[in-house]
Amino acid sequence: VPSFEQIDFTDPDLLQRGGLPIAEFAARRATAPVWWNPQDVGKEFYGDDGFWVISRHSDIRAISKDAGLWSSNLKGFNVRMPDEAGPEHLEASKSFLIGLDPPEHTRMRRIVSRLFTPRAVGALRGKLDAYARDVVTAAAESGTGNFVDDVAVHLPMRAILDLLGVPEADHQYLADLADAMANAEDPDIKYNPFTANANLLAYAHAMAEDRRKNPTDDIVTTLVQADIDGHALSELEFGFFVILLVIAGNETTRNATSHGINAFLDHPDQWELYKRERPPTTVEEIIRWATPVHAFQRTATRDTEVGGVRIERGQRAGLFYSSANYDDEVFDDPFSFDILRDPNPHLAFGGNGAHFCIGAGLARLELDLIFNALADIVPDITKLGAPVRVRSGWLHGVKRLPVSYR
Ligand code: HEM
């Protein structure tokens, strides 16, 4: 057994410096696909000083499908909490939908699942297409700029905040708060993450007040009217639902968009192919390549074994989607960006279990619309510099990508 250097794969400097550590994962996956990851933050509330890395596609899928054995709640879903977080923050994170276990999870998820069905999402196409085209047209007029701010942020922000019922004047404010929470360890965030959390909760509660008096057809109204076995959502359950949707809706699709254009500009043959043929397989490959969520975690509810390694009850397992999506047991030639790749069973939205991304259909629609708009309106887009990544231990994000639109 080769002895590998002890690396914390949730070290925020790692992703910021080098992007997804896919070569490192490939070497380890081939020899010892489950290994111990030391972690120096969160000892006092996780009650441990590390977790098991699960690197194989097959193991991540199996764990994701077994919510009874693998809890999202015991130690939460975050594979890393921000440096200044305390036990109360871990407790709070367990109240998000994504941090619940069945049967609570099942009841809560049912409240919103019908809002994200293919039919519901399909109904947004016309409006979002027009908006995607406006965004790209405005960027084109500016000549050059930061692709992330000019293009990538806008469509995801508009889509989820419109659905929630947030007026447009407040969109940027809420997106900045979501950034501060999701990118808590990045020095460029505009708010302290805990202040951001409090501000988002306050904003959500003000909306709830209003919708109780003036119900409409937005998600906030759905949430305030929700009935779970005769009970309404508690204040906190409601607030965390809104926050999760704001973060999940903004932070992931934005990064898939930025990584996607970056991949195209690094692989001009693929950009030419896309412009000519618009292969329907494109969006999945962008999502696989980008893998916006590096990892989430589960905690073993009893002693078990993964890949020949014994995992004890109460120990954490980090599901590294960033490793699974480049696993050569599943993907031919995983390191090539190939928009014709088919099939493409990536795990960027999770491993098809109870928590599978509720917004996957919406994200796919947004990416389809934005890349079509880019190919139509700024076909000659070029890169003026390397992407600057977000400093984060779990989110594979881009904050700057200088481009010329002409
Ligand atoms: C859950 C990724 C877009 C809302 C998840 C999970 C991942 C993920 C990995 C956890 C899956 C698991 O644990 O099995 C992504 C990526 C996106 C994206 C890569 C874009 C490319 C969105 C959008 C929304 C959204 C646009 C907006 C509605 C959610 C919610 C959950 C979730 C609410 C929690 C579901 C649950 O716990 O039952 N997403 N997501 N996501 N996502 Fe997404």
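Preceding this paragraph is the structure being described.
Residues numbered from 1 in each chain as written. Predicted model: local features only at pLDDT ≥ 70, side-chain atom pairs only at ≥ 80, totals over all residues.

**Student:** Which parts of the structure should I look at to understand the pairing of strand β8 (residues 316-320)?
**Tutor:** In regular strands, side chains alternate between the two faces of the sheet. Taken across its 5 residues, β8 has 5 buried, putting it largely inside the fold. The pairing of strand β2 (residues 50-54) with β8 spans 3 bridges and is classified as parallel. The partner of Trp 52 across the bridge, within β8, is Ala 317. Across 5 bridges, strand β5 (residues 295-300) lies against β8 in antiparallel orientation. Looking at the pairing, Ala 295 lines up with Phe 320 of β8. (Buried ≥ 20, exposed ≤ 12 C-beta atoms within 10 Å, placed from the backbone. Helix = DSSP H or I, 4+ residues; strand = E, 2+ residues; numbered from the N terminus. Pairing = 2+ DSSP bridges.)

**Student:** What should I look at first to understand the site of the ligand in this one?
**Tutor:** With respect to spatial proximity, 29 residues lie near the ligand, and among them Ala 248, Thr 252, Gly 350, Cys 357 and Gly 359 are the closest. Elements supplying a minimum of two residues to the shell around the ligand: α14 (235-266) and α18 (360-377). Considering each element in turn, the shell around the ligand owes the most residues, 7 residues, to α14. Its residues assigned to classes, the shell around the ligand shows 19 nonpolar, 9 polar and 1 charged. (Near = placed C-beta within 6 Å. Nonpolar A, V, L, I, M, F, W, Y, C, P; charged D, E, K, R; others polar.)

**Student:** How should I be thinking about helix α8 (residues 125-142) in this particular structure?
**Tutor:** An α-helical turn contains 3.6 residues, so any two residues separated by three or four positions project in the same direction. End to end, α8 covers 26 Å across 18 residues, agreeing with the expected 26 Å (1.5 Å per residue, within 8%). By the burial criterion, the buried members of α8 are Leu 128, Tyr 131, Ala 132, Val 135, Val 136 and Ala 139. Down the axis of α8, the smallest arc covering the buried residues is 130°, so these residues share one side. Exposed residues on α8 whose side chains face more than 90 degrees from its buried face are Gly 126, Lys 127, Ala 130 and Glu 141. Against the buried residues of α8 lie β4 (144-146), α9 (147-152), α10 (154-164) and α18. (Expected span 1.5 Å × (residues − 1). Arc of directions from axis to C-beta. Contact = placed C-beta atoms within 7 Å.)

**Student:** Quick question: what am I supposed to make of unusual backbone geometry here?
**Tutor:** The bulk of non-glycine residues show a negative phi, and the bulk of peptide bonds are trans. Of note, the bond from Pro 102 into Pro 103 is cis; its omega dihedral lies within 30 degrees of zero at 5°. Cis peptide bonds are those with omega within 30 degrees of zero, and the linkage from Asp 342 to Pro 343 qualifies with 5°. A positive phi is found at Arg 278, a non-glycine position, where the angle reads about 45°. By the element assignment, Arg 278 lies in the loop between α15 (268-277) and α16 (282-290).

**Student:** Any chance you could explain the sheet that holds β8 here in plain terms?
**Tutor:** The pairing of strands in a sheet comes from backbone hydrogen bonds and takes either a parallel or an antiparallel form. Pairing within the open sheet is mixed, and its 5 strands lie in the order β1-β2-β8-β5-β3. Of all strands in the sheet, those with a lone pairing partner are β1 (34-38) and β3 (70-71), marking the two edges. Against the sheet, helix α4 (residues 57-65) contacts β2, β3, β5 and β8, and its axis sits at roughly 120° relative to β8. (Axes fitted to C-alpha atoms, helices over the stretch in contact; angles between N-to-C directions.)

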